[in-house]
Amino acid sequence: MIEVSNLRKVYGSTVAVEDVSFSVEEGEIFGLLGPNGAGKTTTMECVEGVRKPDGGRVSVLGVDPQSADVEFQNRIGVQLQQAELQKRIKVWEAVDLWTSLYRRTIDAEELLAELGLEAKRDAWFMTLSGGQKQRLFIALALINDPDLVFLDELTTGLDPQARRRIWNLVREIKRNGKTVFLTTHLMEEAEQLCDRVAIVELGRIIEMGTPAELVERHCPERSVEFTCSGDVDPAAFEEISDLTSVVADEGRFVLSGTDEAFVSRVIECLAQHRIRVGAFRTEMPNLEDVFLKLTGHSIRD
């Protein structure tokens, strides 16, 4: 669906995107992750055809988006990171206008209901909250039942309930055989939705793969924390294979290891030694751990 080779985009003396290459397969959800200013939105806008690359090659649905025709526009849906409508256009009017632009559309009322906007159909755009505006733009991106959907920071500014609703909608898009290309700085969102992700740093892709692959590759260690009464010899845990550390502090233990079956092995060891456990919790590595390891902990402007 998307082929990007050696993409480059420059603004004056600033190199926003440098030598970026990736592909997006039909029917998958592909995510670009990165800190603020990493080049995610610029990359997406070059792929959409909104911006002209300064180098490299972009192919979307088999054509160059810079020379795409009406047929191409009918097959894609785009939700931009920043967009505006006329202040006094009503929600239903905006949807009706977008519907008139395409030869194939889906049920507008059903889409507004899915996005929690049915009660706002007669509201002016200027009266909508930031989250409601965001959901309206997502509706406009989906109204033509596109084969390929671009979603740029799709849940920024949304509350947890709205975010979960949007996630379910994106999953439904995939179940219907569509392809989704999204950018996000929310690691939970990427982990929940994406089949594959590419991490962008300073305009370059520094890692790519499934979320599970990246976690296993960069942050394999997991921990088990538990409390127990009575005297327990920490040496009892040394028989656990792949054990990397044991921290004991007044009846509280933290065991760390690298194997996928590490947690099960800890439980087996506790049972074998008849150790009675009080509180028990596991701490598994996730995509956020990978992201911070690869891009650092400093705040970006």
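Structure: above.
What you see is a predicted model, and the numbers here were worked out from it, not measured in a lab.

The rules behind the values
- Residues numbered from 1 in each chain as written.
- Predicted model: local features only at pLDDT ≥ 70, side-chain atom pairs only at ≥ 80, totals over all residues.
- Heavy atoms only, no water.
- Helix = DSSP H or I, 4+ residues; strand = E, 2+ residues; numbered from the N terminus.
- Contact = heavy atoms within 4.5 Å.
- Areas by Shrake-Rupley, 256 points an atom, 1.4 Å probe, with all protein chains shown as cover.
- Lys, Arg positive; Asp, Glu negative; His and termini not counted.
- Charge placed at Lys NZ, Arg CZ, Asp CG, Glu CD.
- Core = buried A, V, L, I, M, F, W, Y, C linked by side-chain atoms within 4.5 Å.
- Buried < 20%, exposed > 50% of the residue type's maximum accessible area, 1.4 Å probe, protein only.
- Pairing = 2+ DSSP bridges.
- Phe/Tyr/Trp six-rings, centres within 6.5 Å; stacked < 30°, edge-to-face > 60°.
- Lys NZ or Arg CZ within 6 Å of the ring centre and 35° of its normal.
- Right-handed = clockwise from strand over helix to strand, strands pointing away.
- Axes fitted to C-alpha atoms, helices over the stretch in contact; angles between N-to-C directions.

1. Side note on the overall build of the protein chain
Looking only at helices and strands, one finds 10 helices and 13 strands in the protein chain. Dimensions of the protein chain, computed from C-alpha atoms along their principal axes, come out at roughly 75 × 45 × 35 Å. Pairs at least 24 apart in sequence give 68% of the contacts found in the protein chain among residues at least 6 apart. For the protein chain, the computed accessible surface area is about 15,200 Å², with 46% contributed by carbon and sulfur atoms. Counting 34 positive and 51 negative side-chain charges, the protein chain places the centres of these two groups 5 Å from one another.

2. Section: the nonpolar core
One finds Leu 85, Leu 115, Leu 136 and Val 170 to be the most contacted residues of the largest nonpolar core, which totals 45 residues. Excluding anything up to four places from it in sequence, Leu 85 contacts Ala 94, Trp 98, Phe 125, Leu 136, Phe 137 and Leu 140. Ranked by size, the runner-up nonpolar core spans 24 residues in total, among them Leu 7, Phe 30, Ala 38 and Leu 61.

3. Considerations on the pairing of strand E10 (residues 222-228)
As a general feature of sheets, a regular strand has side chains that alternate between the two faces. When you tally the buried positions in E10, you get five out of seven residues, the bulk of the element. Note: E10 against strand E13 (residues 277-283), five bridges, orientation antiparallel. Opposite Ser 223, over in E13, you have Glu 283 as the bridge partner.

4. A short note on the packing of aromatic side chains
Enumeration according to the criterion identifies nine aromatic pairs in this entry. Judged by centre distance (5.6 Å) and plane angle (45 degrees), the ring pair of Phe 22 and Phe 181 falls under tilted. Taken together, the residues Phe 22 in strand E2 (residues 14-24) and Phe 181 in strand E7 (residues 179-184) connect sequence positions 159 residues apart. Residue Phe 181 is classed as buried on the basis of its relative accessible area, which comes to 0%. Look at Phe 226 and Phe 237: their rings are 5.7 Å apart centre to centre, the planes differ by 70 degrees, and that puts the pair in the edge-to-face class. Taken together, the residues Phe 226 in strand E10 and Phe 237 in the loop between E10 and strand E11 (243-249) connect sequence positions 11 residues apart. Comparing Phe 226 with Phe 237 shows no difference in burial state: the two are buried. Above the plane of the ring of Trp 124 lies Arg 88, whose end atom (NZ or CZ) is 5.1 Å from the centre.

5. Digging into the pairing of strand E6 (residues 148-152)
When you tally the buried positions in E6, you get five out of five residues, the bulk of the element. Burial along E6 is two-sided: Leu 148, Phe 150 and Asp 152 and Val 149 and Leu 151, pointing in opposite directions, are all buried. Note that strand E5 (residues 76-79) and E6 share four bridges and pair parallel. The partner of Gln 79 across the bridge, within E6, is Leu 151. The sheet contact formed by E6 and E7 spans five bridges and is parallel. Residue pairing in the sheet places Asp 152 in a bridge with Thr 183 of E7. Tracing the backbone out of E6, into helix H6 (residues 160-175) and back to the parallel element E7 gives a crossover that is right-handed.

6. Here we look at the sheet that holds strand E3 (residues 29-33)
Sheet architecture is open: six strands sit in the order E5-E6-E7-E3-E8-E9, paired in mixed fashion. Across the chains shown, the open sheet's two edge strands, defined by having one partner strand only, are E5 and strand E9 (204-209). Pairwise comparison of adjacent strand axes, ignoring direction, gives a mean angle of 15 degrees for this sheet. Where helix H5 (residues 130-142) meets the sheet, its contacts fall on E5 and E6, and the angle it forms with E5 comes to roughly 165 degrees.

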